[in-house]
Each structure stands twice: as C-alpha cells, then as structure tokens.
Amino acid sequence: GGITQHVGAYQVEIPKGKITFIDTPGHEAFTRMRERGAAATDIVVLVVAADDGIMPQTVEAINHAKAAEVPIVVALNKMDKESANPDRIKQQLSEHNLTPEEWGGSTMIYPISALKGIGIQELLEGILLEAEMRDLKANPKQRAKGIILETKMDKSRGAVATVILKNGTLKKGQFFVAGTEFGKIKALYNYAGVEVKEAGPSCPVEVLGFDNLPEAGDDLQVVVSDKSAKEISSKRKEIKRIEQAKKVTKKVSLDDIYQQIQDGQKTEFNIIVKADVQGTVDAIKLMIEKLALRIEEVNVKVIHGAVGAINENDVVLASASKAIIAGFNVRPNGKVAQVAKEKGIEIRRYSIIYEIIEDIKDAVEGMLGPEEREEILG
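Residues numbered from 1 in each chain as written. Predicted model: local features only at pLDDT ≥ 70, side-chain atom pairs only at ≥ 80, totals over all residues. Heavy atoms only, no water.

### Points about the overall build of the protein
Convention followed: Helix and strand assignments follow DSSP, with helices taken as H or I runs no shorter than four residues and strands as E runs no shorter than two, numbered in order from the N terminus. Throughout, exposure labels follow a simple rule: accessible area from a 1.4 Å probe, protein chains only, divided by the maximum for the residue type, with under 20% read as buried, over 50% as exposed, and the rest as partly exposed. By definition, residues are in contact when any of their heavy atoms lie within 4.5 Å. Methods summary: accessible areas were calculated by the Shrake-Rupley approach with a probe of 1.4 Å, and residue burial reflects only the protein chains presented.
Within the protein, the secondary structure is distributed over 10 helices and 18 strands. Here the protein holds 378 residues, and the buried ones make up 43% of them. When contacts within the protein are restricted to residue pairs at least 6 apart in sequence, long-range pairs at least 24 apart make up 68% of them. Looking at the protein as shown, the accessible area adds up to about 21,100 Å², and 48% of this sits on carbon and sulfur atoms.

This is how it looks when you write it as structure tokens:
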C-alpha cells in the first residue's frame, strides 16, 4: 500500500501472552522516527529481505537500536523466494556485530515468509522468550508514564496523540503533562480504534484531551491535579521560550540576498515545512539539513516546521523571510492560496517525500552562479 510514512502501533495476542509492535518505516528519511521507535521499545525486530541483503537503511536501524541499547532479533523475510540467500545475509549481519546463534553469536535469526505466513509463530514465540530471558517487567499500579509516538490534528476529534505506556495504567479522566502541553484524558482508543476506559503497560493507545499538539518523542506523565499539570506546563513553556529566544535570527530581504551574491557571500534559501504528522516534519527537516551540508554556495535551511494545514501565519512568515512553503499531505486553508498569490509566495504540495528533495535540489541549482573554467586549446 505504498511507503509507510507514519508510526503505527499494533497488538498481537498468542496463547503465551500479548506482544505490542511499533511499526517504524524503513526509508532512510525516517531515521528520526526509527530512533524514537527504538527508544520506546524493549526488543527490536530487524526485518531483512533474504533475496536483497543489508541496505543502508538497515545499517541505520541497527545503529539506532545499538545506541538505544535495545536487543535485536532478526526476521529473515522472503524465504519462499528462489533467490533467497540466507547465508549471505548472515555473513553481512556478522559484519555489523550481529552474529547468528548457530555461528556462536547471540543474535536470534528467524526465517519467515510474510506472504505465505511461514515462521511467523516461531518469531512471535522467540520474541516472548527474549522478553522472558531479559526479565522485562512493568508495574500496572504505578502512576502512568508513556512515550508519545505520533501526533496529528483530526478534523472531528482535535489534537490526537498515539502513546505507548511504559509503566502504570492510564485511565479516562486523569490529568497529565506531555512536554510543554497538559490536559485531561477525554477518551482512549486502542490500536483497533475501539474506545477503552484504561490502558496498561505496553498498550498503544490514541489519547484525546490535548488543547495543543505535543511533540512526538515527548514523555506523557499522569499528575495528581489540574493545578499541578498547569504549573509544570507553564514552567516548561518558560524554559522553551528562553531557549528559542537565543536562536532568533535576523530576517533577510531580497536586497540583502542580491548584495550577498555580489559580495560572494552565501545566498539564503529558506523553507517552511508543513505536514500532516510530526514525524514527517522531522524527517523532511533532516533530509533538507543533509542536503544543505552538500551545497556550499547556498545556505539552505528550514526556518519553520509544524503539523497542520498551511495557514496565513505561514504565508506572513514566508513573506517576511523570503521563503517557499512545502506542504506534505496538507493543503492551504480557505483564502490562504489567494493571500500567497498576492504576496508572491510559492506554495508547493507533495505526497511523496523524495519529490521535495528533488525540487529543492533543482531550485538551489538554479540559484548558483555559473561555473567558469578555462580550457586550453593549444
């Protein structure tokens, strides 16, 4: 069904117990989302195609799991294919210090076929065995604490966050703090979209009750009262304001850009990123930062990235800082497109992440001055 571009969480029940899976996308742009996934997990299941081998994204996933000090279990997929070469994959895994158990190492490798359902049961039992060996436990009676995996604005439900519980039991009506935001739990929905009254350790739930969107990766913590939640939230907001004030930079006009080119200075190329979920915003920002490092003549930077539709504030900011607006799976609100046209602001809409980077590359190359070379003919 296309590229997975959001973090999802699901639960599987087998006779020996339940397993919660956090699905983190495979493309390299989602390094940060994978990083968050690893921080919220107890065991990483690394899926490697038996006919394909270790890809750059696989290496990134291994590094994130190691950085988070999370054990790795390998699922060797597509074993039903004739071109499957498990020994080659095991060799590649060994090069990344994931030596298979049968080769004297400690990494469990399970041959599976997602298409034909082969080996899935053994993989699930292997995950539970790993959890048992590592004595992974949580206390459902503690005050609930969880990690926000993803956030989004829902037209009918408002601010919604996907939370995975690390400890304690989360109940409807409790007050909570998440990053700089606070609220009271209005409703909880399980991975199947069914409303539940409470969620225990390792349960993935959608939480309703935020006034504003928290940031993906924030901790969600239940507090005793509404007053306590407000106090913690306002203190955290104050700290964030002080930190942001240190980063404020001067806006650049077109005249300044022209002057910079004349002086041989770096040309500014500003971008505002709007997307449907926080994880995508982070991923696009990361890719643009990587691109910026490779281009010396033009200073490419994301001056603002946020969740939600493109609004008038975005256009005002773009106008003041001579930026373009890139929207991923979002469209301009009401009369915003008209205001943007009047101010000469370009709004580009995308549904595939690669296209954003290609367009920025093309635009940047158009800003570069001609390269002069002397060719000796004789």
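Read on, since the account is not over.
### Some thoughts on the sheet that holds strand β15 (residues 267-275)
Convention followed: Two strands are said to pair when DSSP picks up at least two bridges between them. Simply put, an axis is a line fit to the C-alpha atoms, just over the touching stretch for a helix, and the angle between two N-to-C directions goes from 0 to 180 degrees.
With parallel pairing, the 4 strands of this open sheet are ordered in space as β16-β15-β17-β18. Across the chains shown, the open sheet's two edge strands, defined by having one partner strand only, are β16 (298-307) and β18 (347-350). Here the strands of the sheet are splayed against their neighbours by 25° on average, with no regard to which way each runs. When strand β17 (residues 323-328) meets β18, the two strands line up parallel, connected through 4 bridges. Residue pairing across strands places Ala-326 opposite Arg-348, the latter belonging to β18. Across the sheet, helix α7 (residues 278-294) touches β15, β16 and β17, and the angle it forms with β16 is around 175°.

### Focus on the nonpolar core
To be explicit about the condition: In this description, a nonpolar core means a group of buried Ala, Val, Leu, Ile, Met, Phe, Trp, Tyr and Cys residues linked to one another through side-chain atoms lying within 4.5 Å.
By size, the foremost hydrophobic cluster in this structure holds 22 residues, and its most contacted members are Ile-271, Ile-284, Ile-288, Val-300, Phe-328 and Ile-360. At the level of elements, β15, α7, β16, β17 and α10 (353-367) are the ones that each hand at least two residues to this core. Sorting elements by how many residues they give to this core places α7 first, with 7 residues. In this structure Ile-288 touches Ile-271, Val-273, Val-300, Val-302, Ile-357 and Ile-360, once residues within four positions along its chain are discounted. Leu-170, Cys-203, Phe-210 and Val-222 belong to the second-largest nonpolar core, a separate cluster that totals 18 residues.

### Here we look at the sheet that holds strand β5 (residues 109-111)
What the 3 strands build is an open sheet, ordered β3-β4-β5; its pairing is parallel. With one partner strand each, in any of the chains shown, β3 (44-49) and β5 form the two edges of the open sheet. Between one strand axis and the next, the sheet turns through 25° on average, direction left out of account. Strand direction decides the pairing type here: strand β4 (residues 72-77) and β5, joined by 3 bridges, are parallel. Bridge pairing in β5 places Val-74 opposite Ile-109.

### As for the confidence of the model for the protein
Inclusion rule: A residue's pLDDT is simply how confident the predictor is in it, with values from 0 to 100.
On average, residues of the protein carry a pLDDT of 82, and 85% of them reach 70 or more. When the elements of the protein are averaged for pLDDT, helix α6 (residues 254-262) gives the smallest value, 50, and β5 the largest, 93.

### Here's the deal with the pattern of salt bridges
As a reminder, the rule being used: Salt bridges are defined by distance alone: a side-chain nitrogen of Lys or Arg within 4 Å of a carboxyl oxygen of Asp or Glu.
Applying the stated criterion across every chain yields a total of 18 salt bridges. With a closest N to O distance of 2.5 Å, Glu-102 and Lys-90 form a salt bridge. One end of the pair, Glu-102, is in the loop between α3 (86-95) and β5; the other, Lys-90, is in helix α3, with 12 residues separating them in the sequence. The salt bridge involving Arg-241 is made with Glu-238; its shortest N-O contact spans 2.7 Å. Within this pair, Arg-241 and its partner Glu-238 are both found in helix α5 (residues 226-245), separated by 3 residues, close to a single helical turn. What makes Arg-241 partly exposed here is its relative accessible area of 48%. Among the charged side chains, a network of salt bridges with common partners joins Lys-152, Asp-154, Arg-157 and Glu-206.

### Some words on the packing of helix α8 (residues 312-321) against helix α9 (residues 336-343)
Definition in use: Angles are sorted into four bins: roughly parallel if under 35 degrees, roughly antiparallel if over 145, roughly perpendicular if 65 to 115, and oblique for all others. Throughout, the ten residues Ala, Val, Leu, Ile, Met, Phe, Trp, Tyr, Cys and Pro are labelled nonpolar, Asp, Glu, Lys and Arg are labelled charged, and all others, Gly among them, are labelled polar.
Here α8 crosses α9 at 10°, and the two axes come no closer than 9 Å. In terms of axis orientation, α8 runs roughly parallel to α9. Contacts between α8 and α9 involve Glu-312, Val-315 and Ser-319 on the former and, on the latter, Val-336, Val-339, Ala-340 and Lys-343. When grouped by side-chain class, the residues that make up the contact of α8 with α9 number 4 nonpolar, 1 polar and 2 charged.

### Regarding the pairing of strand β10 (residues 181-189)
Counting buried residues in β10 gives 7 out of 9 residues, a clear majority hidden from the surface. Looking at chain direction, strand β9 (residues 175-178) and β10 are connected through 4 bridges and run antiparallel. For Phe-175, the partnering residue across the bridge sits in β10 and is Lys-184. What sits between β9 and β10 in their antiparallel hairpin is a turn of 2 residues, with Gly-179 showing a positive phi close to 60°. By the bridge criterion, 4 bridges tie β10 to strand β13 (residues 204-210) in an arrangement that is antiparallel. Note on β13: the bridge partner recorded for Tyr-189 is Glu-206. Strand direction decides the pairing type here: β10 and strand β11 (residues 195-196), joined by 2 bridges, are antiparallel. Counterpart to Leu-188 in the pairing with β11 is Val-196. Where β10 folds back onto β11 in an antiparallel hairpin, the turn is made up of 5 residues, including Gly-193, whose phi is positive at roughly 85°.

### Structural notes on the side chain of Thr-151
Summarising the element assignment, Thr-151 is placed in strand β6 (residues 145-154). You can call Thr-151 buried: its relative accessible area is 1%. Residues within four places of Thr-151 in sequence aside, it is in contact with Val-160, Ala-161, Leu-213, Pro-214, Glu-215, Ala-216, Asp-276, Val-277 and Gln-278.

### Quick notes on the packing of aromatic side chains
Using the following cut-off: Aromatic contacts are taken between Phe, Tyr and Trp rings whose centres are within 6.5 Å, Trp giving its six-membered ring; a plane angle under 30 degrees counts as stacked, one over 60 as edge-to-face, and the others as tilted. For a lysine, the NZ atom is tested; for an arginine, the CZ atom; a charge sits over a ring if that atom is within 6 Å of the ring centre and within 35 degrees of the ring normal.
Scanning the model with the defined rule gives 1 aromatic pair in all. Sitting over the ring of Tyr-189, Arg-157 keeps its end group 5.3 Å from the ring centre.

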